[in-house]
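Overview (structure and organization)
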Amino acid sequence: MAFSSDPLDELLVPDGTSAQERDLVTDGDVLVGARSTVEFGVRGRNVLAGEGVRFGGAIEAEGDCRLDMWCDVEQNVLVGEDAYLGERVHVGGELKVAGDLDIGDDVEIEDGFEANGWIVIRNPMPTIVLLFVYLKHLLLVGEEDTAQALVSQLTDEGAGEGDDESDEEDGAELADPLIIPRNATVNDSAWRVSTPATIGDDCRLHGNVRAETIDVGERNNIFGSLRARGDITVGEETRIHGDVTTRDGAVTLGPDARVLGDVSCGDLELGPGAEVDGTMRADGEITMQTTQRERE
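Calculation notes
- Residues numbered from 1 in each chain as written.
- Predicted model: local features only at pLDDT ≥ 70, side-chain atom pairs only at ≥ 80, totals over all residues.
- Heavy atoms only, no water.
- Helix = DSSP H or I, 4+ residues; strand = E, 2+ residues; numbered from the N terminus.
- Buried < 20%, exposed > 50% of the residue type's maximum accessible area, 1.4 Å probe, protein only.
- Contact = heavy atoms within 4.5 Å.
- Areas by Shrake-Rupley, 256 points an atom, 1.4 Å probe, with all protein chains shown as cover.
- Salt bridge = Lys/Arg side-chain N within 4 Å of Asp/Glu carboxyl O.
- Core = buried A, V, L, I, M, F, W, Y, C linked by side-chain atoms within 4.5 Å.
- Pairing = 2+ DSSP bridges.
- Polar contact = N/O pair within 3.5 Å; in protein donor to acceptor, adjacent residues only side chain to side chain.
- Phe/Tyr/Trp six-rings, centres within 6.5 Å; stacked < 30°, edge-to-face > 60°.
- Lys NZ or Arg CZ within 6 Å of the ring centre and 35° of its normal.
- Patch = residues over 30% accessible without salt bridge, like charges linked within 9 Å, V, L, I, M, F, W, Y side chains within 5 Å.
- Lys, Arg positive; Asp, Glu negative; His and termini not counted.
- Charge placed at Lys NZ, Arg CZ, Asp CG, Glu CD.
- pLDDT = per-residue confidence, 0-100.

1. Some thoughts on the overall build of the protein chain
Assigned secondary structure in the protein chain consists of three helices and 38 strands. Looking at the protein chain residue by residue over its 296 residues, the buried ones come to 48%. Of the contacts formed within the protein chain by residues at least 6 apart in sequence, a portion of 21% connects residues at least 24 apart. As presented, the protein chain carries roughly 14,300 Å² of accessible surface, and 42% of it is formed by carbon and sulfur atoms.

Shown next as structure tokens:
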């Protein structure tokens, strides 16, 4: 089967995500691309990380946790179901697993580990992480037929049919995942990626967002600035505690959005009630809406 798209080609922050002290907290899965640095701990449903990812805090997964080879976790790893640790993974604290533990060669767990299920010490295949991420992505974007074809392939190789069908039904009900693309840097100072970035509604984040393009939803509080090469969109009632700057694109501020710093862009569109506390610099047109557009 040919993969039609890369599920890790965008920074995606789902609705309701918050930065709480040193943890990123979300209701859905957490997917982190290879060689990224996340200087937070993470809390979510399933936590999956590619090769060489570094976490600056603890991991708490309600479901499964899958860490590819060379991952580094500074603190504890707590897993509600099964855990899969690839070769040469390092855990700076304790590993606790409620289910089964599949662990690769030369894994270092500084404060020991315990698992209530089976413990298998070997080198897990890294492809299992990619298959799991891809299947989740297909279900979340509504590609049920392609997902079923993938499940059928895995079934032909020995997986149980009943379990796959149950996983598909459960996956369709999951919240959107928090996706951090490969080679990203996420910390209190900056969320830095080389891909587009999409932030959902009702999020509370710390740090400057740096991306190719940025689309921010409604009722967010972002304690930092936004900077992109392309377009930046800020949704209704969202507050940006910093500047909004784009090199080549336009900036659109939704109704009652507020920027507590400066805005610099090509074209600038201000929705009804939108405010900019600092200076507005636009090389192109500035459009100010006095009434809210009719909603579909």
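2. Let's talk about the environment of Thr-279
Looking at the secondary structure, you find Thr-279 in the loop between strand 36 (275-276) and strand 37 (280-282). Of the residues examined, Thr-279 reaches a relative accessible area of 38% and is grouped as partly exposed. For the pair Thr-279 and Asp-262, spaced 17 residues apart in sequence, the C-alpha to C-alpha distance is 4.7 Å. Non-local contacts of Thr-279, meaning those with residues more than four positions away in its chain, are made with Gly-261, Asp-262 and Val-263.

3. So, the pattern of salt bridges
Under the definition given, this model contains 10 salt bridges. Arg-66 is the salt-bridge partner of Asp-64, the closest N and O atoms lying 3.7 Å from each other. Per residue, the accessibility class of Asp-64 equals that of Arg-66, and both read buried. Taken together, the shared-partner salt bridges in this structure form one network comprising Glu-87, Arg-88 and Asp-106.

4. Some thoughts on the nonpolar core
Among the nonpolar cores identified, the biggest contains 63 residues, and Phe-55, Leu-67, Leu-85 and Leu-226 are the most heavily contacted of them. If we skip the residues at most four places from it in the chain, Phe-55 touches Val-32, Val-38, Phe-40, Val-42, Ala-49, Leu-67, Asp-72, Val-73 and Glu-74.

5. Quick word on the sheet that holds strand 31 (residues 244-246)
The 12 strands are arranged 17-14-11-8-5-21-22-25-28-31-34-37 in an open sheet whose pairing can be described as mixed. Single-partner strands in this sheet number two, and they are strand 17 (108-109) and strand 37. As defined by bridge partners, strand 11 (residues 72-73) adjoins strand 14 (residues 90-91) across two bridges and the pair is classed as parallel. Paired with Asp-72 across the strands is His-90, a residue of strand 14.

6. Remarks on the side chain of His-90
Along the chain, the position of His-90 falls in strand 14. Residue classification places His-90 among the buried residues on the basis of a relative accessible area of 17%. At 2.8 Å, the side chain of His-90 and the side chain of Glu-110 are in polar contact.

7. Notes on unusual backbone geometry
Phi is positive for Trp-70, which is not a glycine, with a value near 70 degrees. Mapped onto the secondary structure, Trp-70 falls in the loop between strand 10 (65-67) and strand 11. Overall, the relative accessible area of 49% leaves Trp-70 in the partly exposed class. The phi angle at Glu-237 is positive, at roughly 60 degrees, despite the residue not being glycine. Turning to its location among the elements, Glu-237 is positioned in the loop between strand 29 (232-234) and strand 30 (239-240).

8. Some details on the packing of aromatic side chains
Within this structure, the stated rule accounts for one aromatic pair. Over the ring of Tyr-84 we find Arg-66, and its NZ or CZ is 4.2 Å from the ring centre.

9. Digging into a nonpolar patch on the surface
Residues Phe-113, Ile-119 and Ile-121 make up a contiguous nonpolar surface patch of about 290 Å² in total accessible area. If you trace the backbone, Ile-119 turns up in strand 19 (residues 119-121). The class for Ile-119 is partly exposed, based on a relative accessible area of 39%.

10. Details of a negative patch on the surface
A cluster of acidic residues, Asp-231, Asp-267, Asp-283 and Glu-285, forms a negative patch at the surface. The topology assignment puts Asp-231 in the loop between strand 28 (226-228) and strand 29. Classification of Asp-231 as partly exposed rests on a relative accessible area of 44%.

11. Some details on the confidence of the model for the protein chain
Put simply, the protein chain has an average pLDDT of 85, and 80% of its residues get 70 or more. Under a pLDDT of 50 for its full length, residues 1-5 has, in the predicted model, 10 contacts with residues more than four places off or in other chains. In this model, residues 157-172 is a region of pLDDT below 50 whose contacts with residues beyond four sequence positions or in other chains number 13 contacts.

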